[in-house]
Amino acid sequence: KAGVTQTPRYLIKTRGQQVTLSCSPISGHRSVSWYQQTPGQGLQFLFEYFSETQRNKGNFPGRFSGRQFSNSRSEMNVSTLELGDSALYLCASGGQGDTNYGYTFGSGTRLTVV
Amino acid sequence: AQTVTQSQPEMSVQEAETVTLSCTYDTSENNYYLFWYKQPPSRQMILVIRQEAYKQQNATENRFSVNFQKAAKSFSLKISDSQLGDTAMYFCAFRYLIQGAQKLVFGQGTRLTINP
């Protein structure tokens, strides 16, 4: 059974640009959550999508947005990048019968803003 | 607000020793789950062990066990016979439902090093 796939693994962007990260959940899972991980702030919840609807949102500015497609793949977008957006972005998928109780993580996308 | 606190930023033990990582949490919820995740240098967050709050019995997974004290809101992880491969960041996490959606709150992590 394939795991959670995040692409790309590494990304370097310039301040002011925008970026789109992708997450393909485990087949059959309908929930996708996104987290930002930084040394200073730790792991912070961004948002959760379920069946193409955003169910929950963390405390991030509107520059951070996401969406989920009918095949459950999710994308998150960050516009007008700032240096502070440099982080590891983790995606987690969940679904009925998931023995991890809803959270199987991908390996993340390391975003560096210069 | 739901919070998770890991008071040990770093720990280091010799291979084969037993080590205990501390975690406390604060919540007014009654129905929740607690997890310990391991994040090795590969960056993937790997579930180590989970505990349902309604279960009194402490969870055990091979060399990993927890000491769950619900009244004290404490959830420590014990690693027995530690191995070099246990070297990683360990995160304690608390999961609850909010308006029908699940949310996972993490502690700041403990960097565990197993020395040969």
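Keep in mind that what you see is a predicted model, and the values were worked out from it rather than measured.

Looking at the packing of aromatic side chains
Thinking step 1. Per the stated rule, a full pass over the model turns up 19 aromatic pairs over all chains.
Thinking step 2. Aromatic side chains Tyr35(A) and Phe45(A) sit 5.6 Å apart centroid to centroid with 65 degrees between the ring planes, which places their arrangement in the edge-to-face category. One end of the pair, Tyr35(A), is in strand β4 (residues 31–38); the other, Phe45(A), is in strand β5 (residues 42–50), with 10 residues separating them in the sequence.
Thinking step 3. For Tyr35(A), a relative accessible area of 0% corresponds to the buried category.
Thinking step 4. Taking the relative accessible area as the measure of exposure, Phe45(A) reaches 7% and is therefore buried.
Thinking step 5. For the pair Phe68(B) and Phe75(B), a centre-to-centre distance of 6.3 Å together with 85 degrees between the ring planes defines the contact as edge-to-face.
Thinking step 6. The exposure class of Phe68(B) is buried, given its relative accessible area of 7%.
Thinking step 7. Three or more aromatic residues link up through ring pairs in this structure, and these residues are Tyr35(A), Phe45(A), Tyr103(A), Phe105(A), Tyr33(B), Phe35(B), Tyr37(B), Phe91(B) and Phe106(B).
Thinking step 8. Here the basic side chain of Arg55(A) rests over the ring of Phe50(A), its NZ or CZ set 4.3 Å away from the ring centre.
Thinking step 9. The ring of Tyr10(A) is capped by Arg43(B), whose NZ or CZ atom sits 4.9 Å from the centre of that ring.

A word on the interface of chain A and chain B
Often, the extent of an interface is quoted as the loss of accessible area on bringing the components together.
Thinking step 1. Counting residues at the interface gives 26 residues for chain A and 21 residues for chain B.
Thinking step 2. Summed over both sides, the interface of chain A with chain B buries roughly 2000 Å², with 48% coming from carbon and sulfur.
Thinking step 3. Linking chain A with chain B are zero salt bridges.
Thinking step 4. Every element with two or more residues in the side of chain A that touches chain B is listed here: β4, β5, β6 (53–57), β9 (87–94) and β11 (109–113) of chain A.
Thinking step 5. If you tally residues by element for the side of chain A that touches chain B, the top one is β5(A), at four residues.
Thinking step 6. In terms of residue class, the side of chain A that touches chain B is built from nine nonpolar, 13 polar and four charged.

Quick word on unusual backbone geometry
Thinking step 1. Put simply, Thr7(A) and Pro8(A) share a cis peptide bond, and its omega is -10 degrees.
Thinking step 2. Here Pro8(A) shows up in the loop between β1 (5–7) and β2 (10–13).
Thinking step 3. Here the phi dihedral of Ser72(A) falls at roughly 80 degrees; this positive angle occurs in a residue that is not glycine.
Thinking step 4. As for its placement among the helices and strands, Ser72(A) is situated in the loop between β7 (64–68) and β8 (74–78).
Thinking step 5. Using a relative accessible area of 11% as the deciding quantity, one classes Ser72(A) as buried.
Thinking step 6. Here the phi dihedral of Arg43(B) falls at roughly 85 degrees; this positive angle occurs in a residue that is not glycine.
Thinking step 7. Locating Arg43(B) in the fold gives a position in the loop between β5 (33–39) and β6 (46–52).

Quick look at the state of the cysteines
Residue and element names in this part refer to chain A.
Thinking step 1. Evaluation of the coordinates by the stated rule reveals two disulfides over all chains.
Thinking step 2. For Cys23, the disulfide goes to Cys91, at an S-S distance of 1.7 Å. Of note, the bridge from Cys23 to Cys91 carries an S-S torsion of about -45 degrees and is left-handed in sense. One end of the pair, Cys23, is in strand β3 (residues 19–24); the other, Cys91, is in strand β9, and 68 residues separate them in sequence. You'll find Cys23 and Cys91 in the same group, each marked buried.

Focus on the nonpolar core
Thinking step 1. Tyr25(B), Tyr32(B), Trp36(B), Phe75(B), Leu77(B) and Tyr90(B) are the most contacted members of the largest nonpolar core, which totals 27 residues.
Thinking step 2. Mapped onto this core, the elements with two or more residues apiece are β3 (19–21), β5, β6, β8 (64–69), β9 (74–79), β10 (88–98) and β12 (110–115) of chain B.
Thinking step 3. With five residues, β10(B) is the largest single contributor of residues to this core.
Thinking step 4. Listed in part, the 21 residues of the second largest apolar core include Ile26(A), Tyr49(A), Val78(A) and Tyr89(A).

Here we look at the sheet that holds β1(A)
Strand pairing in a sheet is mediated by backbone hydrogen bonds. Such pairs are either parallel or antiparallel.
Residues and elements named next belong to chain A.
Thinking step 1. Spatial ordering of the open sheet is given by β1-β3-β8-β7, a layout of four strands whose pairing is antiparallel. Lying at the two open borders of the sheet, with one neighbouring strand each, are β1 and β7. Strand-to-strand twist in this sheet, taken as the mean axis angle between neighbours without regard to direction, amounts to 15 degrees.

Criteria and thresholds
Here the residue index of a chain counts from 1 through its sequence in written order. Labels follow written order: the first chain is A, the first ligand is 1, and so on. Residue-level local features of this predicted model are given only where pLDDT is at least 70; pairs of side-chain atoms are given and counted only at 80 or more, and the full residue set underlies all totals for whole chains, interfaces and linings. Values shown for side chains rest on all heavy atoms present in the structure; no hydrogens or waters enter the calculation. Pairing of aromatic rings covers Phe, Tyr and the six-membered ring of Trp, with a centre-to-centre limit of 6.5 Å; geometry is then stacked below 30 degrees between planes, edge-to-face above 60, and tilted otherwise. Here a strand is any run of E in DSSP of at least two residues, a helix any run of H or I of at least four, and the numbering for each starts at the N terminus. Here the term buried applies to any residue with accessible area under 20% of the maximum for its type, exposed to any over 50%, and partly exposed to those in between, with areas from a 1.4 Å probe on protein chains only. Two thresholds decide whether a charge sits over a ring: the Lys NZ or Arg CZ must be within 6 Å of the ring centre and within 35 degrees of the ring normal. Contact criterion: two residues are considered in contact whenever any of their non-hydrogen atoms come within 4.5 Å of each other. Defined here as a combined quantity, buried area equals the accessible surface (1.4 Å probe) lost by two parts on assembly, summed across both. By convention in these notes, a salt bridge is any Lys or Arg side-chain nitrogen within 4 Å of a carboxyl oxygen on Asp or Glu. Gly is placed with the polar residues, together with every amino acid not listed as nonpolar (Ala, Val, Leu, Ile, Met, Phe, Trp, Tyr, Cys and Pro) or charged (Asp, Glu, Lys and Arg). The definition used for a disulfide is geometric: two cysteine sulfur atoms within 2.5 Å. Among buried residues, the Ala, Val, Leu, Ile, Met, Phe, Trp, Tyr and Cys ones that are joined through side-chain atoms within 4.5 Å form a nonpolar core. Only strands joined by at least two bridges in the DSSP assignment are considered to pair. Between N-to-C directions, angles cover 0 to 180 degrees, with each direction set by a line fitted to C-alpha atoms, over the stretch in contact for helices.

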